[in-house]
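The primary structure of each chain is shown beneath.
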Amino acid sequence: MTATILPTVPAPAPAPAASARRRRARRSVNLAVGAALFGLIAVIGLVSVFWTPFAYDDTTGDRLQPPSLEHWAGTDRLGRDLFTQLMIGARLALAVGFGSVLIAAIVGITLGLAAAVARRWVDDAISSLLDIAIAFPTLLLAMLIVAWRGASLDSAILAIGLAGAAVIARLTRITATRVLAMDYVTAARTSGTGTLGILRRHVLRNVWPTLIVPLALQFGGAVGAEASLSYLGLGSPPPNASWGRMLQEAQSTVLVAPTAAILPGILLVALIIGVNLLADGLRDVADPTSRSIR
Amino acid sequence: MLLLAFALAVTILFVVLRVLGNPVFALISVGATDAEIAAAAARLGVDRPIHEQFFAYIGQLLSFDLGQSFTNHLNVGDEIVRRLNVTLPLTLLSFTLSVLIAVPVGFFAAWKSRTWYGTTFSAVSQLGGAIPVFWVGILLVAVLSLGWRLFPAGGFPRTDWEDPGAALYSLALPVITIAIVAGSDLARYVRSATLDILGQQYLRAARAAGQSFATALWRHGVRNGVVPLISILAIQLSTTFVGAVIIERVFALPGLGDMLLVGIKEQDFPSVQGVLLFSTALVLVLGFIADVLQRIIDPRLRDSLSGNRRTKALA
């Protein structure tokens, strides 16, 4: 009898282990490629703080020139150097990414923790507010804030950051509620630790790792959203050379000067893909127990 | 819940837009006298106390009156309906096309995930998720319209839909643009939903019970897999709508997006408010419909948290 039963007991399958290893390998490739792309843009952006080939408002060049030794990426319709603008654009994109992720993290975590520890009706109020904010497309929310504050870099960062905060708040609330139900939190409470102390010492430390990947993904989303806003004329006004606005300006002269309509887009895509790959690779580093959702 | 959300959105919109700046300045010319300014303010009704304006506004809304544009004095509601002639077909056609592309592509990518096809798909879909929709538009216009002269580069026939052929022709390239970007996003979700199903024990059980692969997939897989996809589809439909707003700018189409942008630039507060309210209502209603649909298809969800909320939190 036992002999016929035994084989049906599932042996530890080798397949999942192999696929996990493959996933890890793919992740480390992602991490490397992502870090390289992101690093490249970051270096370009940092260098632009100290040095650009030309001054931004230097209109001495010939108009709509193709790339040359003097103007590495050509010139725009006012004779300004495009490589200079691309470099400044990298700096702006990074500022938007970091700025809005910072706002999303601060506002989102605060709201999420508040919802997790507050009374029932406060939690309900915050949660339903978040429902609306999450259902609302980022770009419409951003347009509303730009309509209110006027088009500027700060408006764009604030708008995109607040739109992202809703998602972060929701994730924080879910994880924090789970952590608050843990025995060690009860133990801390009975030994006299206050609510703020528990939040800081136990909840925040457990919530934080689960937020790294979503925040990294928001970086890419923020860069894309800012480009769209700038393209629509609702981003940072000149002399800030956002890639989105460069593309908008290049659209009318796309046949005469195709490089101006191609290069900003390539850099934009490179940065977003770089950050996304980095986020995917970080998943393992940040939280070894998590499985990929995709 | 739906009404509460909408009421909240109405209030927030009103408050935010009233701080937007003084719309009187859009009406008067440089060097206007104080009397002229006061007259303009009285005409717009912005000289009354803020709570009176608010209640007047709510009253208008309840009778489906979105007010009159500050700049061109057209009725905002009529204007929105007129502009939907462009935005609605654009959104629906793009959405349909993107689903038609995404479902087979995503399904095969999951089914053949171990082959070159699956690998290529992953790489391409990374690209699709990162490319801004307006850049795709610019490039397609450059190649297909200006280069090969296959499509018009922009604009919409003045005769509106009187000549359906011409109208469709001018919408063709915008639709393709949105469908490519939205489709590659959607295909990723379809792929992961399919991968989920293919790994399920119930599918293996059905196969073991003698059903063919296709039958098992149809009877057990599709119904399970489509539930999370519905909320994704609802979100995608709102994303497509917003994509339409951007792409209208690329192709100079006179739709809702154009109305919103011009409104923001000219501080035309009723127009901006009208378009944003309409969009909010649309997004909320879509989410609501998705929730209801999911509960109809999957009885397990009926007394649980909204499926829509969970999926979005995970995405």
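Residues numbered from 1 in each chain as written. Chains lettered and ligands numbered in written order. Predicted model: local features only at pLDDT ≥ 70, side-chain atom pairs only at ≥ 80, totals over all residues.

### What about the overall build of chain B?
Next, step 1: Counting its secondary structure elements, chain B contains 13 helices and 0 strands.
Next, step 2: If you list the helices and strands of chain B from N to C, you get α-α-α-α-α-α-α-α-α-α-α-α-α.
Next, step 3: Buried positions account for 39% of the 315 residues belonging to chain B.
Next, step 4: A fraction of 70% describes how many contacts in chain B between residues 6 or more apart in sequence connect residues 24 or more apart. (Helix = DSSP H or I, 4+ residues; strand = E, 2+ residues; numbered from the N terminus. Buried ≥ 20, exposed ≤ 12 C-beta atoms within 10 Å, placed from the backbone. Contact = placed C-beta atoms within 7 Å.)

### Observations concerning the overall build of chain A
Next, step 1: A count of helical and extended segments in chain A gives 10 helices and 0 strands.
Next, step 2: The helix and strand sequence of chain A, counted from the amino end, reads α-α-α-α-α-α-α-α-α-α.
Next, step 3: The proportion of buried residues among the 294 residues of chain A is 46%.
Next, step 4: If you take every contact in chain A between residues at least 6 apart in sequence, the share linking residues at least 24 apart comes to 69%.

### Some thoughts on the interface of chain A and chain B
How big an interface is tends to be stated in terms of the accessible area lost upon association of its parts.
Next, step 1: Each partner contributes to the interface: chain A provides 38 residues, whereas chain B provides 40 residues.
Next, step 2: Sorting the residues of the side of chain A that touches chain B by element identifies helix H4 (120-135), helix H5 (138-149), helix H6 (153-180), helix H8 (195-231), helix H9 (243-251) and helix H10 (258-286) of chain A as the ones contributing at least two each.
Next, step 3: Looking at the side of chain A that touches chain B element by element, the count peaks at 8 residues for H10(A).
Next, step 4: Taken together, the residues of the side of chain A that touches chain B sort by class into 28 nonpolar, 7 polar and 3 charged. (Nonpolar A, V, L, I, M, F, W, Y, C, P; charged D, E, K, R; others polar.)

### Quick notes on the packing of H5(A) against H6(A)
Residues and elements named next belong to chain A.
Next, step 1: Interaxial distance between H5 and H6 falls to 9 Å at its minimum, and their mutual angle equals 140°. The orientation of H5 with respect to H6, classified from their angle, is oblique. H6 is crossed by H5, and the crossing has right-handed handedness. Together, Thr138, Leu141, Ala142, Ile145, Val146 and Arg149 of H5 and Ser155, Ala156, Leu158, Ala159, Ile160, Leu162 and Ala163 of H6 make up the contact between the two elements.
Next, step 2: Among the residues forming the contact of H5 with H6, the class breakdown is 10 nonpolar, 2 polar and 1 charged. (Axes fitted to C-alpha atoms, helices over the stretch in contact; angles between N-to-C directions. Parallel < 35°, antiparallel > 145°, perpendicular 65-115°, else oblique. Left-handed = near helix turned anticlockwise from the far one by under 90°.)

### Things to note about the confidence of the model for chain B
Residues and elements named next belong to chain B.
Next, step 1: Chain-level statistics for chain B give a pLDDT mean of 76 and a share of 77% at 70 or above.
Next, step 2: Confidence, read as mean pLDDT per element, is least for helix H13 (residues 307-314) in chain B (45) and greatest for helix H5 (residues 76-111) (87).
Next, step 3: Every residue in residues 306-315 scores below 50 in pLDDT, and together they form 22 contacts with partners more than four places removed in sequence or on other chains. (pLDDT = per-residue confidence, 0-100.)

### Things to note about the environment of A:Arg178
Residue and element names in this part refer to chain A.
Next, step 1: Here Arg178 shows up in helix H6.
Next, step 2: You can call Arg178 partly exposed: it has 14 C-beta atoms within 10 Å.
Next, step 3: Here the alpha-carbon distance between Arg178 and Val207, two residues 29 residues apart in the chain, equals 9.6 Å.

### What about the nonpolar core?
All names here are of chain A.
Next, step 1: By size, the foremost hydrophobic cluster in this structure holds 150 residues, and its most contacted members are Ala142, Val146, Ile168 and Leu271.
Next, step 2: With 18 residues, helix H3 (residues 82-117) is the largest single contributor of residues to this core.
Next, step 3: Here Ala142 is in contact with Ala156, Ala159, Ile160, Ala163, Ala225 and Leu229, once residues within four sequence places are set aside. (Core = buried A, V, L, I, M, F, W, Y, C linked by C-beta atoms within 7 Å.)

### Topic: the environment of B:Ala153
Residues and elements named next belong to chain B.
Next, step 1: Checked against the element boundaries, Ala153 lands in the loop between helix H7 (133-147) and helix H8 (164-198).
Next, step 2: Residues Ala153 and Ala252, spaced 99 residues apart in sequence, show a C-alpha to C-alpha distance of 8.8 Å.
Next, step 3: Discounting residues that sit within four places of it in the chain, Ala153 has contacts with Val141, Ser145 and Leu146.

### What to know about helix H11 (residues 256-265) of chain B
Next, step 1: For H11(B), a buried count of 7 out of 10 residues is recorded, marking the element as mostly surrounded by other parts of the structure.
Next, step 2: Looking at H11(B), one finds that the buried residues are B:Leu256, B:Gly257, B:Met259, B:Leu260, B:Leu261, B:Gly263 and B:Ile264.
Next, step 3: Summarising the contacts, the buried residues of H11(B) are in contact with H5 of chain A together with H5, helix H10 (213-250) and helix H12 (269-297) of chain B.
Next, step 4: At the exit of H11(B) stands B:Gln267, carrying a positive phi of roughly 50°.

### A closer look at the environment of A:Ser152
All names here are of chain A.
Next, step 1: Inspection of the secondary structure assignment puts Ser152 in the loop between H5 and H6.
Next, step 2: Taking C-alpha positions, Ser152 is 7.5 Å from Leu234, a pair spaced 82 residues apart along the chain.
Next, step 3: Every residue in contact with Ser152, bar those within four places of it in the chain, is listed here: Ser236 and Pro237.

### Remarks on H7(B)
The periodicity of an α-helix, 3.6 residues per turn, causes residues three or four positions apart to be oriented the same way.
All names here are of chain B.
Next, step 1: With 15 residues, H7 should cover 21 Å at 1.5 Å per step; its first-to-last C-alpha distance of 20 Å lies within 8% of that length.
Next, step 2: In H7, a bend of some 35° at Val141 exceeds every other bend along the element.
Next, step 3: For H7, every residue scored as buried is listed here: Val133, Phe134, Trp135, Gly137, Ile138, Leu140 and Val141. (Expected span 1.5 Å × (residues − 1). Bend = angle between axes of the 7 residues up to and from the residue.)

### Here we look at the packing of H5(B) against H8(B)
Next, step 1: As a packed pair, H5(B) and H8(B) sit with axes 5 Å apart at the nearest point and diverge in direction by 35°. Relative to H8(B), H5(B) is oriented so that their crossing is right-handed.

### With respect to the confidence of the model for chain A
Residues and elements named next belong to chain A.
Next, step 1: Predicted confidence across chain A gives a mean pLDDT of 79, with 85% of residues reaching 70 or more.
Next, step 2: By mean pLDDT, the top-scoring element of chain A is H3 (90), and the lowest-scoring one is helix H1 (residues 2-5) (40).
Next, step 3: In this model residues 1-15 is a low-confidence stretch, pLDDT under 50, and it forms 0 contacts with partners more than four residues away in sequence or in other chains.
Next, step 4: A low-confidence stretch, residues 290-294 (pLDDT under 50), is modelled with 6 contacts involving residues beyond four sequence positions or located in other chains.

### What to know about unusual backbone geometry
Residues and elements named next belong to chain B.
Next, step 1: A positive phi angle, close to 50°, is found at Ala252, a residue other than glycine.
Next, step 2: Within the fold, Ala252 resides in the loop between H10 and H11.
Next, step 3: You can call Ala252 partly exposed: it has 13 C-beta atoms within 10 Å.

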